[in-house]
Structure formats: structure tokens, C-alpha cells
Amino acid sequence: MKLTNWRRFWLSLFLALPMLAQMLLMIWGIMLPGIKTYSLIATSLIMLIGAGPYIQSAWAALKRHQANMNSLIAIGTSVTYVYSLFAYFTGRPVYFESAAFILIFVLLGDALEEKMHDRAAASLNKLLELQASEAEVKRGEDFVKLPLDQVKAGDIIKVRPGGKVPVDGRLVSGQSSVNEAMVTGESMPVAKKPGDRVIGATINGSGSFLMVAEQVGEETMLAQIVKVVKQAQNSRAPIQKLTDKVANYFVPAVLIVSILTFAIWDVFSPVGPVKAMLYAVSVIVIACPCALGLATSTALMVASGRSARMGVLIKDGEILEAAAKIKTIVFDKTGTLTVGQPQLVDQVGDKASLSLAASLEANSEHPLAQAIVTSAKKGGQPLLPVSDFSAEEGKGVEGKVAGHLVKVGRADYVSAPDAWRQQAEGLAEAGKTVAYVQKDSAVIGLLALQDAPRPEAKAVLSELKSRGIKTVMLTGDNQQLAEKIGRQLGIDQAEAGLLPGEKADRLAKLQEAGPVAFVGDGINDAPALSLADVGIAMGSGTDVAKEAGGIVLMTSDLTGVLRALDLSKQTFTRIKLNLFWALIYNLIGIPVAAGLFSFIGVSLSPELAALAMAFSSVSVLLSSLMLNWTKIAGAGKN
Amino acid sequence: MLVNGLVILAAAALIGLIIWWFFGNFQKSSQQADLANGRQEGQVVVKGGYEPEVLYLKQGVPAEVTFKMEDKTACLSHVVFSSLGVDKDLSKEKLAKVQIPTDKAGEIDYACGMDMFHGKIVVR
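Analysis parameters
- Residues numbered from 1 in each chain as written.
- Chains lettered and ligands numbered in written order.
- Predicted model: local features only at pLDDT ≥ 70, side-chain atom pairs only at ≥ 80, totals over all residues.
- Heavy atoms only, no water.
- UniProt positions renumbered as here; feature names shortened; annotations may be inferred.
- Helix = DSSP H or I, 4+ residues; strand = E, 2+ residues; numbered from the N terminus.
- Phe/Tyr/Trp six-rings, centres within 6.5 Å; stacked < 30°, edge-to-face > 60°.
- Buried < 20%, exposed > 50% of the residue type's maximum accessible area, 1.4 Å probe, protein only.
- Core = buried A, V, L, I, M, F, W, Y, C linked by side-chain atoms within 4.5 Å.
- Contact = heavy atoms within 4.5 Å.
- Buried area = accessible area lost by both parts, 1.4 Å probe.
- Salt bridge = Lys/Arg side-chain N within 4 Å of Asp/Glu carboxyl O.
- Polar contact = N/O pair within 3.5 Å; in protein donor to acceptor, adjacent residues only side chain to side chain.
- Pairing = 2+ DSSP bridges.
- pLDDT = per-residue confidence, 0-100.
- Expected span 1.5 Å × (residues − 1).
- Axes fitted to C-alpha atoms, helices over the stretch in contact; angles between N-to-C directions.
- Patch = residues over 30% accessible without salt bridge, like charges linked within 9 Å, V, L, I, M, F, W, Y side chains within 5 Å.
- Areas by Shrake-Rupley, 256 points an atom, 1.4 Å probe, with all protein chains shown as cover.
- Parallel < 35°, antiparallel > 145°, perpendicular 65-115°, else oblique.
- Nonpolar A, V, L, I, M, F, W, Y, C, P; charged D, E, K, R; others polar.

**Q** How should the UniProt feature "transmembrane region" (unreviewed entry) in chain B be read in this particular structure?
**A** Mapped onto this structure's residue numbering, the UniProt feature "transmembrane region" (unreviewed entry) falls at residues 6–23 of chain B. The span residues 6–23 of chain B is 100% helical and 0% strand by assignment, and the distance between its end C-alpha atoms comes to 25 Å.

Given below as C-alpha cells:
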């Protein structure tokens, strides 16, 4: 049978029960018969079961000039045990129970710690468990069930209603809605039609569809998320350097303090060498550098797992620490504060103009053209056949629709009369782009398009403001337009007319006033994202790991910025709290154990010191696990 | 009086010994990984620390380092390469293999789960 820490603990506790009973009976001055000899035998066994591994590990470390927590436990228990042996055979009072209970508490601490460490790490496994285990893949004429690792890019896969999408790919036929919450944090199901991307591990709704596999294995979005989270969980926050420094000196320093404790009590007080030894052992046993080491790493582990489940990927601890200190957030406008695609917002004149314009624009690649076509389709307007189509770059398009010559474009292109131009100016002043629609020789209508702000933008910006964070918008638009949108959203500062390269310069200027976060799209804004203290990329690509920016939002939802800030702040606060606890434990625990406060009746026996030590690691771990339940913007409890 | 003097002397000697032993300038154990069939394999024994503490790898040759767990305490149960995103639970895997990228020369640090024990792999 393999002796795990749990088994060692239970076995030792069982052996020590009579000693525990004796400790309690002592209060009434009762001595169990033969307890001294029983203690000798039981403690010898416990030493063998419990202390063996610690002593072996400590000895191996000592040989290479290192000391660690195991050294402290080994020395603490050995000293009490060996002295008690000597005392037993020379007829003095014995302290076997100290050695036994030090070990029992240390074993309990180790076992609990292992368990909780596994719990903290489990957040990552939860992500992995999302993956489907097999896929229905087309082989020849039939669909066969294959394990996931046999699926190759290019395979055609059938996804049934309620089934999991096995890998990343694109719909080829059928339609459905897919719940992507586990990957993107977006709670509403997303409608999918042929040509749309689907992400592995997401859950299909009521439709069924065929998809072509594009990314498999290590390349899927989920695999990449797991990779980033893993990296983040094992990364270090700068605050951890403190513990690195402390760790090297900690154990030898504790040993020295303990020797001093013994010498001072023995020489300068009347308590005698035995009591002095017990104080010295308490010092050794209570000092625990482990809590210090666990303080940062476990908090990071829990936080990065939780944030990934909410669609926020934080790449490492350094970013987390920086994000907690952000004073200014800079937003790119197009595609970040706004949807990024112009939409038809106003229509003036003949209602038929939209249908005519859309019929023509269906032949054009221009982004505005796409917006007109989409709006027409949405409004149920028919697209009519077009002949003699021609386009003039940057001006407009024309063609024959239903026997009429139709032109769509700028004012000059259609030679619009003044009355129409005045109406158009009014729309342009409101920040809209206007297209004229001309049927035969007369203008019949205007289509006004605008890149609308994201629906959540205003709320997010006002929330940021209430937290005392300055918001800035950078855009290539003209100043007038920028200010208009800025006012609409309630942004603090709008910088307009910037070329892509200039955004980075502006950012550098803003950084002079304090740490700055930049929110933008992962591909176009890469320079600004990497320059900012914290780069927040609005997820668009699938290559999460390579995307610029220390934080990647899996959805184009600005609430993710708040989530990222909330999480960073809470995690960093938790780390500081953990470090504080761990330090306080030692700062208070060591003097108390050394008997400094014994004159007011406060002192610790070695076994109580061991209990306190075990509890310190466990309490730090518990505190980190609490991060799973703290309140985060726009997220319920997990 | 004599006993007290002896206690103080012994304590001072012990403290001196501790300072010398733990903070003295001792050589760290180091080793070069074995090279065979265009691959290199290193082994680090985990027992009260990492042996060797410094493992040398040749640049450009694919490398794998095996961590051999011989310690039964919780302290050393994890080995964490923070720069590689690797965290191996040695209490579950007695022989844990870690692939080390050798495309760039430099030092790769690793530590136990609590960041108390440190080891190093040097690619050169």
C-alpha cells in the first residue's frame, strides 16, 4: 500500500489518540497507566511513518547547502523526540506528544494543501473538459464516429442538435444557433448559416449542420485558450520577487533565531534547559515560508482560470499587476467603441430607393455597399436583376435596374439639386455618410449610413468614469465627428485625425501621466497594443496566443474591459492580502513561539505552533480560492 | 557559570556554522546533458532539492529533461517552469518529461510549486 500524506496523517492520528486523551485528562491531574511507555512506542512509530520523508528530504537538501521547510520539521521533531528518549531512560518528564502532534499537524497541512492546490488547478481542467471526445466525420459516403485526434483539417463533420462542435471550422450546409458562452463568455446563442465560423467545444442548438474542419488539435481556439491560461497560471507577478528574496534567507535565519532563543532562555532566565528547548522547537516549527510562496501563485492560478471562463484571457501575472494600477484607458474608435461596420440609419425620399440601391450595390465590394445590401435584406426588400453595371472608384455605381438607369453615389456623381444637398448636409453634420440614389434623371432619395457605437459602450464608459479612470478615444476621423461621438458616449478626451502610426505616439504622451491601457483590435492596432502598459485586444482572430496585447477579450463586447479590470484588481488585492497574512503569521508567530510574551501568559507549545503553521498555508489557499466567488462586472456566479 | 559560558559558546559556534554552510560560497552542482542520435536527454533528481542544480544543454539540439521524483514530501511535489507554462505534478508522475526549447541560448529557471527551491537549465 502506498503511503500518501492522507494515510500517513490518519495512521499517525490513530496512534496518537491515547496521547491526546492524556493531554486532556492532565487538566484534571489524571495520569493514564503506562502512558509514558505507550507514548514512547507510538511516537517511535509515528516518527517512522511521518517524519521519515521529511528527514530524508532535509538531509538531501542539507548536503547541498540548502534548507527548507522540511529541514525545520525534521529538526523540530527530531530534537523533541531524541530529548524525550533521553528523558524516558533517565526518569525525567517526556515530550513525546509534542513530536507526534507536530507531525500530525504538518501532515494534515500538507495533505489539505495538496487537495486545494488540485482544486485551484482544476479551473484549467474545466476548460479542457469542454472538448467533445469524438466527431462524426465523413469517410467515403458515410459518417463515422472518430476520436478527436483522428480528425484532420478539411474533414466534413456532421453536428447534431444539442451536440458539441468538435473542432474549429466553417458551416457548409444547414443552419443552427450555437451557444458559445464557454469560449467567448457571450451568453446569447449565436445564429450560424453556411460560411459562418464555428468554434470547437461550443454547444449546438436545435438545428443540425455540416461543417468543414479548419483548425484541429493544438490549433483550435480552445487549445490556444488553454495554452494561454496555463502560461498565465505559471507566470509570476513582479510582487513575487519579494518572496524569492525572503525564501533564500528564511530557513537559516529561523534556525539562528531558534538557537538564540534556546541560549537566551537557558542562560538568562531561571526556566531551565528543557523549557528553553521547547521554546526553541516552537520557533522552528511555526516558521513557515510556504504560505509566502503560495500567496501569489495560487491567486494567479484561480484568477486566470476564472477569467478565461468569462471570455477574458489574461496572459500573465505581470499584466494582471499592471492592469490593477491603470489610471487611463485609451480606446480605438472604429471597431472598438463602434461596431466597425456602417449601418443604414436614415432614409429620406422614395422608399423604393433602398431596394434599387441595394440591387446595384450587391455587385460592389465597397464597405458602404455591403451595409446597404444588408439593410435591404433585413428590411425584406427584393434585390432586382442588374444589367450594364459600372463603378467609378470612390464616387459611385450605376446600372440598369428594371428598365431604369439607376445611379448611387456622391452628390457630384448624380448631379444632385440643391434641395437634396441641403438635406444631405444636415445628415452629414450628425456624423453620417450620405449616398444619393438617382432613378433615370432625378434624385429620388438619400441613404444615410453610420458606424454606430456599440450598444454597451456608453454604460461601460460611464462605469469607468465612476471608478475615476480617464477615458480617451483615438480616431482617424475628423475632429468634428470625433467630438460628436465622444459627447454621445461621454468620453473624457477625443483625439482625431490620427494616422495609424500616430496612435502609438499619442499613447506614449498619455503614458507620461501614468499607466495606460489601450483597447483596440488585435491586428490593426498591434503597435499601440504592445506599447501600452496593458494592451487589451478585442478578440477577432482565432490565434489568441499570438495576438498582440496582454489581455484578449474573446467577444467584441466592451464589458470585457470592466471584467478584466475587476479581476485584475481583485486578484492583486488578494495577493497583497495573502502576502500580508503570510508575513504576519511569521512576524507574530515567531516572537510568540520564542516565549517573548510568556510574561503575560501567552506562549505556544510546539504542537500548537505546528497547528498554526499548517493553518497558515491552508488559509492562504482558501483565500485564493475565494477569488472564484467574488463579484465581477457583467458576470454571475460561476 | 561555566555551563552558561559553554552554552553561549556552543550557540555562537552553531550560528557560525549555519552561516558558513548556507551562505558560504560553494560550487553549485552542474552537469551536461547526454547527447545521442541528434537528441539530448538530461535528468534531474528531485530529492531535497534539484540534482544537478544547473543542467547544461547544447543550443539547437532538441532536448528533453526528465524529473525523477525521489522526495516524498509535499514541498517538492510540483516543478514549475514559469517561462514555458509547464507545471508538472511529480506526486502523480514520478518520471516527468519536459521538452526544453533550445533554439535560443540562455537560462531557463524552474522552481517548486511554492517557489522555494530553484534550479536552472542553461542552453549554450
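**Q** Even after reading the chapter, I still don't get the packing of aromatic side chains, so can you show me in this structure?
**A** The geometry of an aromatic ring pair comes down to the distance between the two centres and the angle between the two planes. Under the defined criterion, the tally for this structure stands at 18 aromatic pairs over all chains. Ring centres 4.6 Å apart and planes at 20° place the aromatic pair Trp-265 of chain A and Tyr-279 of chain A in the stacked group. Separated by 14 residues along the polypeptide, Trp-265 of chain A in helix α7 (residues 241–268) and Tyr-279 of chain A in helix α8 (residues 272–286) bring together distant segments of the chain. No difference in accessibility class separates Trp-265 of chain A from Tyr-279 of chain A, as the two residues are buried. Ring centres of Phe-81 of chain B and Tyr-110 of chain B lie 5.0 Å apart, and the angle between their planes is 35°; on these two criteria the pair is classed as tilted. With Phe-81 of chain B in strand β7 (residues 78–81) and Tyr-110 of chain B in strand β10 (residues 106–112), this residue pair connects regions lying 29 residues apart in the sequence.

**Q** Hey, could you run me through the nonpolar core in this one?
**A** Looking at soluble globular proteins, one finds that nonpolar side chains tend to be buried together. Membership of the largest hydrophobic core comes to 102 residues, with the highest contact counts inside it found for Tyr-50, Leu-57, Phe-67, Phe-81, Ile-100, Tyr-110 and Ile-121 of chain B. Ranked by residues supplied to this core, first place goes to helix α4 (residues 96–129) of chain A with 11 residues.

**Q** Would you mind going over the side chain of Ser-359 of chain A with me for this structure?
**A** Inspection of the secondary structure puts Ser-359 of chain A in helix α12 (residues 352–361). When near neighbours in sequence (up to four residues on either side) are disregarded, Ser-359 of chain A contacts Pro-382, Leu-383, Leu-384, Val-386 and Val-401 of chain A.

**Q** Is there a simple way to think about the interface of chain A and chain B in this case?
**A** Interface size is often expressed as the accessible area that is lost when the parts come together. Each partner contributes residues to the interface: chain A has 49 residues there, and chain B has 42 residues. Surface buried jointly by chain A and chain B totals about 3800 Å² across both partners, of which 62% is contributed by carbon and sulfur atoms. When the area that chain A buries against chain B is broken down by residue, the three leading residues are Arg-64, His-65 and Asn-234 of chain A, summing to 19%. Our enumeration of links across chain A and chain B arrives at 1 salt bridge. The closest approach of N and O atoms between Arg-64 of chain A and Glu-51 of chain B, which form a salt bridge, is 2.9 Å. The tally of links between chain A and chain B comes to 7 residue pairs in polar contact (both at pLDDT 80 or more). No other element matches α7 of chain A, which puts 15 residues into the side of chain A that touches chain B.

**Q** Looking at this structure, how should I read the sheet that holds strand β4 (residues 168–174) of chain A?
**A** Hydrogen bonding along the main chain pairs the strands of a sheet, whether they run parallel or antiparallel. Residue and element names in this part refer to chain A. If you trace the 6 strands from one edge of the open sheet to the other, you get β2-β1-β3-β9-β4-β7, paired in antiparallel fashion. Each having just a single partner strand, β2 (142–147) and β7 (197–198) make up the two edges of the open sheet. Here β4 runs beside β7; their pairing, made up of 2 bridges, is antiparallel. Bridge pairing in β7 links Gly-169 to Val-198.

**Q** Would you explain the pairing of strand β5 (residues 54–57) of chain B in this entry?
**A** Within a regular strand, the side chains alternate between the two sheet faces. All names here are of chain B. Inspection of the sheet shows strand β1 (residues 30–32) paired to β5 by 3 bridges, in the parallel sense. Paired with Gln-31 across the bridge in β5 is Leu-55. Pairing between β5 and strand β11 (residues 118–123): 4 bridges, direction parallel. Bridge pairing links Tyr-56 to Val-122 in β11.

**Q** Just checking my understanding: could you explain the environment of Ser-624 of chain A for this structure?
**A** Residues and elements named next belong to chain A. Examined against the element boundaries, Ser-624 turns out to sit in helix α21 (residues 606–625). The class for Ser-624 is buried, based on a relative accessible area of 1%. Expressed as a C-alpha distance, the spacing of Ser-624 and Lys-377, which sit 247 residues apart in the sequence, is 51 Å. In this structure Ser-624 touches Ala-295, Thr-298, Ala-299, Val-302, Arg-574 and Asn-578, once residues within four positions along its chain are discounted.

**Q** Explain the confidence of the model for chain B here, please?
**A** Predicted coordinates in areas of low pLDDT are best not read in detail. Residues and elements named next belong to chain B. With 100% of its residues at a pLDDT of at least 70, chain B reaches an overall mean of 86. Per-element averaging of pLDDT across chain B places strand β2 (residues 34–36) at the bottom with 83 and strand β6 (residues 63–69) at the top with 91. As scored by the predictor, the complex reaches a pTM of 0.72 and an ipTM of 0.83.

**Q** Explain helix α20 (residues 559–593) of chain A to me, please; I cannot follow it from the model alone.
**A** Helix length check: α20 of chain A, at 35 residues, gives a terminal C-alpha distance of 50 Å against a target of 51 Å (1.5 Å per residue), a fit within 8%. Count one or two residues on from α20 of chain A and you reach Gly-595 of chain A, which has phi positive near 85°.

**Q** Got a minute to help me understand the sheet that holds β11 of chain B in this structure?
**A** Residue and element names in this part refer to chain B. Ordered in space as β1-β5-β11-β10-β7-β8, the 6 strands form an open sheet in which the pairing is mixed. Strands with a single pairing partner mark the edges of an open sheet, and in this sheet they are β1 and β8 (86–89). Taking each pair of neighbouring strands and ignoring which way they run, the sheet shows an average axis angle of 20°. The sheet contact formed by β7 and β8 spans 4 bridges and is antiparallel. Paired with Val-79 across the two strands is Lys-88, which belongs to β8.

**Q** Even after reading the chapter, I still don't get the environment of Tyr-279 of chain A, so can you show me in this structure?
**A** For Tyr-279 of chain A, a relative accessible area of 5% corresponds to the buried category. Taking the C-alpha atoms as reference points, Tyr-279 of chain A and Pro-591 of chain A, separated by 312 residues in sequence, lie 9.9 Å from one another.

**Q** Any chance you could explain the side chain of Arg-8 of chain A here in plain terms?
**A** For Arg-8 of chain A, the location among the structural elements is in helix α1 (residues 5–25). Polar contacts involving the side chain of Arg-8 of chain A include one to the main-chain carbonyl oxygen of Ile-49 of chain A, which spans 3.2 Å. What Arg-8 of chain A contacts, discounting residues up to four positions off in sequence, is Leu-3, Ile-49, Gly-50, Pro-53 and Leu-107 of chain A together with Lys-72 of chain B.

**Q** Would you mind showing me how to read a nonpolar patch on the surface here?
**A** All names here are of chain A. Judged by side-chain polarity, Leu-596, Phe-597, Phe-599, Ile-600 and Val-602 come together as a nonpolar surface patch covering roughly 520 Å² of accessible area. Looking at the secondary structure, you find Phe-597 in the loop between α20 and α21. Among the residues examined, Phe-597 registers a relative accessible area of 31% and is labelled partly exposed.

**Q** It is not clear to me how the pattern of salt bridges should be interpreted in this structure. Could you clarify?
**A** Pairs can form between side chains of opposite charge once their charged atoms are near each other. All names here are of chain A. Summed over the entire model, instances satisfying the criterion amount to 17 salt bridges over all chains. When the shortest N-O distance is used, the salt bridge between Glu-136 and Arg-160 registers 2.7 Å. Of this pair, Glu-136 sits in strand β1 (residues 134–139) while Arg-160 is found in the loop between β3 (156–159) and β4, placing the two residues 24 residues apart along the sequence. Relative accessible area serves as the criterion here: at 11%, Glu-136 is assigned to the buried category. Overall, the relative accessible area of 46% leaves Arg-160 in the partly exposed class. Here Arg-467 makes a salt bridge to Glu-463, at a shortest N to O gap of 3.0 Å. Connected through salt bridges with shared partners, the residues Asp-168, Arg-170, Arg-197 and Glu-214 form a single ionic network.

**Q** Got a minute to help me understand the packing of α8 of chain A against α21 of chain A in this structure?
**A** For any two helices packed against each other, one specifies the crossing angle of their axes together with the interaxial distance. Residue and element names in this part refer to chain A. The interhelical angle for the contact between α8 and α21, taken along N-to-C directions, is 10°, at an axis separation of 8 Å. Between α8 and α21, the angle is such that the two are roughly parallel. Contacts between α8 and α21 involve Leu-278, Val-281, Ser-282, Val-285 and Ile-286 on the former and, on the latter, Pro-606, Ala-609, Ala-610, Ala-612 and Met-613. Partitioning the contact of α8 with α21 into residue classes produces 9 nonpolar, 1 polar and no charged.

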